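Overview (structure and organization)
Okay, here's what each chain looks like letter by letter:
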Amino acid sequence: MSAGQGATGASASPDPAASPTVEPTPTPTQSTLPTVAPSTPAPKTTTKAPKPKKTGKPGCPQGESQRAVETALAKLGTFGTVTVDGKQSDADCAAIKKFQQRYGISPAAGRAGPTTADVAQRLAATDTSKCKTGSGTTFCVDLTHQTVWAMRGGKVVLKPTVTRTGMPGYATPTGAYSVQNKALKEWSNPYEVWLPYWQRFNGGIGFHETTTYIHTKSIGSHGCVNLLPSDARAFYDLGKVGSRVYVFGRRPGT
């Protein structure tokens, strides 16, 4: 330690010569001790935790197509109770989410946006009685509404679902056809892509699982009927070589 520096605090050593004389403190006797009254314990108080306030906010944001989606879902009637008032609610939120999950709409967050409205309105407008069915199973393709379903004996056995057919220059041809062959996975020579759950019904045109986001309407197939994965499997399981296919209407823009 350098000169001029000294220890500080509790580490300093006292100098006996410099220590002042301290008078001893007398020990108090019983008579000199102060009287202390016994203390009274403070009363116990119970504090209740505050209850969380109800915000009243629904679980999903409201979209610009709220009323349109509510109207279509109310007509479809299979996704839960909705109130057609143009206002989001917890019940509306749950029904819209369920609908979006079923038809592969992303994100499935319950918001009634334009894609959800478009899909819901197309499905609600589909008239299954317009499909000309034959004996056995018939796959019905409505090009106008971009929907597909299956019938047997005049009854719907697979409810209408979404599709995306041929884009401009490759419009899916209308008419009555039949499934000519099937394959769990077919390789497309001209386009070099696998086509899962393939069912060919007209030359190189057939049903298959979509290889892109089916709700991108600016694109389309080269004539094939694109299906969501779950629908492609369901149609593949139901169809057989010889199953009837009836295509009618016209895709907008083609």
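It should be noted that the structure appears before, not after, this text.
This section reports on the structure supplied with the text. Predicted model only: the values in this text are computed from it and were never measured.

1. Observations concerning the pairing of strand β7 (residues 205–209)
Counting buried positions along β7 yields five of five residues, so the element is predominantly enclosed. In this sheet, β7 lies alongside strand β6 (residues 193–202) in antiparallel orientation, the contact comprising three bridges. Counted as the bridge partner of Asn-202 is Ile-205 from β7. With three bridges joining them, β7 and strand β8 (residues 225–227) adopt parallel strand pairing. Paired with Glu-209 across the two strands is Leu-227, which belongs to β8.

2. Looking at the state of the cysteines
Under the defined criterion, the tally for this structure stands at two disulfides. The side chain of Cys-60 participates in a disulfide bridge whose partner is Cys-93; the two sulfur atoms lie 1.8 Å from each other. A torsion of 45° about the S-S bond marks the disulfide between Cys-60 and Cys-93 as right-handed. Within this pair, whereas Cys-60 is found in the segment before α1 (66–76), its partner Cys-93 is found in helix α2 (residues 90–102), the two being separated by 33 residues in sequence. In this pair, the class of Cys-60 matches that of Cys-93, namely buried. Disulfide pairing is shown between Cys-131 and Cys-140; the S-S distance is 2.0 Å. Looking along the S-S bond of the Cys-131-Cys-140 disulfide, the torsion reads about -85°, which is the left-handed sense.

3. Section: the environment of Asp-90
Mapped onto the fold, Asp-90 is located in helix α2. Assessed through its relative accessible area of 53%, Asp-90 is described here as exposed. For Asp-90 and Cys-60, which are 30 residues apart along the polypeptide, the C-alpha to C-alpha distance reads 7.5 Å.

4. Here's the deal with the side chain of Thr-165
As for its position among the elements, Thr-165 is in the loop between β3 (155–162) and β4 (175–178). Judged by relative accessible area, Thr-165 falls into the buried class, the value being 0%. The contact partners of Thr-165, leaving out residues within four places of it in the chain, are Val-141, Leu-143, Gln-146, Thr-172, Gly-220, Ser-221, Cys-224, Val-225 and Arg-251.

5. Observations concerning the environment of Thr-211
Assignment of secondary structure puts Thr-211 in the loop between β7 and β8. Residues Thr-211 and Leu-195, 16 residues apart in the sequence, show an inter-C-alpha distance of 7.6 Å. Excluding its chain neighbours within four sequence positions, the residues that come into contact with Thr-211 are Val-193 and Trp-194.

6. A closer look at the side chain of His-215
Among the secondary structure elements, His-215 is positioned in the loop between β7 and β8. A distance of 2.7 Å separates the side chain of His-215 from the backbone oxygen of Tyr-103, its partner in a polar contact. With near-sequence residues (within four places) excluded, His-215 lies in contact with Tyr-103, Gly-104, Ile-105, Thr-115, Val-119 and Val-162.

7. Here we look at the packing of aromatic side chains
Tallying each qualifying case throughout the model produces twelve aromatic pairs. Ring centres of Trp-149 and Phe-248 lie 6.2 Å apart, and the angle between their planes is 80°; on these two criteria the pair is classed as edge-to-face. One end of the pair, Trp-149, is in strand β2 (residues 147–152); the other, Phe-248, is in strand β9 (residues 244–248), and 99 residues separate them in sequence. Arranged with centres 6.1 Å apart and planes meeting at 35°, the rings of Phe-207 and Phe-235 form a pair that is tilted. Of the two residues, Phe-207 is situated in strand β7 and Phe-235 in helix α4 (residues 229–238); the sequence distance between them amounts to 28 residues. Note on accessibility: Phe-207 and Phe-235 belong to one class, buried. Each member of the aromatic cluster is reached from another via a ring pair, and the members are Phe-139, Tyr-177, Phe-201, Phe-207 and Phe-235. Cation over ring: Lys-182 sits above Tyr-236, and NZ or CZ is 4.0 Å from the ring centre.

8. Let's talk about the sheet that holds β7
If you trace the four strands from one edge of the open sheet to the other, you get β5-β6-β7-β8, paired in mixed fashion. At either margin of the open sheet sits one strand with a lone partner, and together these are β5 (181–188) and β8. Along the sheet, successive strands turn relative to each other by an average axial angle of 35°, direction set aside. Taken together, the seven bridges between β5 and β6 define a ladder with antiparallel strand orientation. Residue pairing for β6: Ser-188 is matched across the bridge by Val-193. This element, α4, spans β5, β6, β7 and β8 of the sheet and lies at about 45° to β6.

The rules we used
Residues numbered from 1 in each chain as written. Predicted model: local features only at pLDDT ≥ 70, side-chain atom pairs only at ≥ 80, totals over all residues. Heavy atoms only, no water. Buried < 20%, exposed > 50% of the residue type's maximum accessible area, 1.4 Å probe, protein only. Helix = DSSP H or I, 4+ residues; strand = E, 2+ residues; numbered from the N terminus. Pairing = 2+ DSSP bridges. Disulfide = S-S within 2.5 Å. Contact = heavy atoms within 4.5 Å. Polar contact = N/O pair within 3.5 Å; in protein donor to acceptor, adjacent residues only side chain to side chain. Phe/Tyr/Trp six-rings, centres within 6.5 Å; stacked < 30°, edge-to-face > 60°. Lys NZ or Arg CZ within 6 Å of the ring centre and 35° of its normal. Axes fitted to C-alpha atoms, helices over the stretch in contact; angles between N-to-C directions.

The analysis is restricted to geometry; functional conclusions fall outside its scope.
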